[in-house]
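Reading the structure
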Amino acid sequence: MECTIHWVPASGMGMVAETGSGHLLTMDGAPDGGGRNLAPRPMETLLVGAGGCTAYDVVLILRRGRHEVTDCRVKIEADRAETDPKVFTRIHMHFVVSGRNLPEAAVARAIALSHEKYCSATIMLGKTADISTSHEIVAA
């Protein structure tokens, strides 16, 4: 896996990343750090990536179990250390999974499997952060 990040000097602290799969992602900083607040912060993109990684796992696990999942949302709240390096110290992920006749045990198991075995992003972040999860099931 590879990517290239290019700083765009005319933007202040804006950056454009090109992923190995050929996609573009923009990032920017806060005005107090020279940015113009035109795109997500790099640390926000890290958190978004972790949320996407685990949501992907949960949907895939439920589908492989032949469960009719129709939606999966993850709301993330996180705290960072106050001093450099300002790593994540606490991350809570609340899953809202929608579908038809989704068993509680299947949803809980899919979330646990993601966090214990499959989601590389949350497993890495778990080295510095206390990661907790909760979930709710919405009938579709």
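First, a word on scope: everything that follows refers to the structure included in this document. (Residues numbered from 1 in each chain as written. Predicted model: local features only at pLDDT ≥ 70, side-chain atom pairs only at ≥ 80, totals over all residues. Heavy atoms only, no water.)

1. Notes on the overall build of the protein
- Summing up its helical and strand segments, the protein has 3 helices and 6 strands in all.
- Taken from the N to the C terminus, the helices and strands of the protein come in the order β-β-β-α-β-β-α-α-β.
- Per-residue burial over the protein gives 29% buried out of 140 residues.
- Long-range contacts, defined here as pairs at least 24 residues apart, represent 50% of the contacts in the protein between residues at least 6 apart. (Helix = DSSP H or I, 4+ residues; strand = E, 2+ residues; numbered from the N terminus. Buried < 20%, exposed > 50% of the residue type's maximum accessible area, 1.4 Å probe, protein only. Contact = heavy atoms within 4.5 Å.)

2. Notes on the side chain of T54
- Relative to the helices and strands, T54 resides in helix α1 (residues 42-64).
- With sequence-adjacent residues up to four places away left out, T54 is seen in contact with M93, F95, S114, H115, C119 and T122.

3. Looking at the nonpolar core
- In this structure, V58, L62, I91, F95 and V97 are the most contacted members of the largest nonpolar core, which totals 22 residues.
- Looking at this core, the elements that each hand over two or more residues are α1, β4 (68-80), β5 (88-100), α2 (104-118) and α3 (120-125).
- Considering every element that reaches this core, the biggest residue donor is α1, with 6 residues.
- Setting aside residues no more than four positions away along its own chain, I91 makes contact with L47, I76, E77, A78, L125, A129, D130, I131 and S132. (Core = buried A, V, L, I, M, F, W, Y, C linked by side-chain atoms within 4.5 Å.)

4. Observations regarding α2
- With 15 residues, α2 should cover 21 Å at 1.5 Å per step; its first-to-last C-alpha distance of 20 Å lies within 8% of that length.
- Listing the buried residues of α2 in full gives A106, V107, A110, I111, S114 and H115.
- Turning to α2, the residues buried within the fold contact α1, β5, α3 and β6 (130-139). (Expected span 1.5 Å × (residues − 1).)

5. With respect to the sheet that holds strand β2 (residues 15-19)
- Taken together, 3 strands build an open sheet; the order of strands is β1-β2-β3 and the sheet is antiparallel. Looking at strand neighbours, the two that pair on one side only are β1 (3-7) and β3 (24-27), the edges of this open sheet. If you compare each strand with its neighbour and ignore which way they point, the axes differ by 20° on average.
- Relative to β2, β1 runs antiparallel, the two sharing 5 bridges. Each residue of the ladder has a partner; that of I5, found in β2, is A17. (Pairing = 2+ DSSP bridges. Axes fitted to C-alpha atoms, helices over the stretch in contact; angles between N-to-C directions.)

6. A few points about the pattern of salt bridges
- A full pass over the atoms with the stated rule returns 3 salt bridges.
- With a shortest N-O distance of 3.4 Å, D71 and R73 are connected by a salt bridge.
- Overall, the relative accessible area of 46% leaves R73 in the partly exposed class.
- Across the pair R90 and D79 runs a salt bridge whose closest N-O atoms are separated by 2.7 Å. Here D79 lies in strand β4 and R90 lies in strand β5, a separation of 11 residues in the sequence.
- The exposure class of D79 is partly exposed, given its relative accessible area of 35%. (Salt bridge = Lys/Arg side-chain N within 4 Å of Asp/Glu carboxyl O.)

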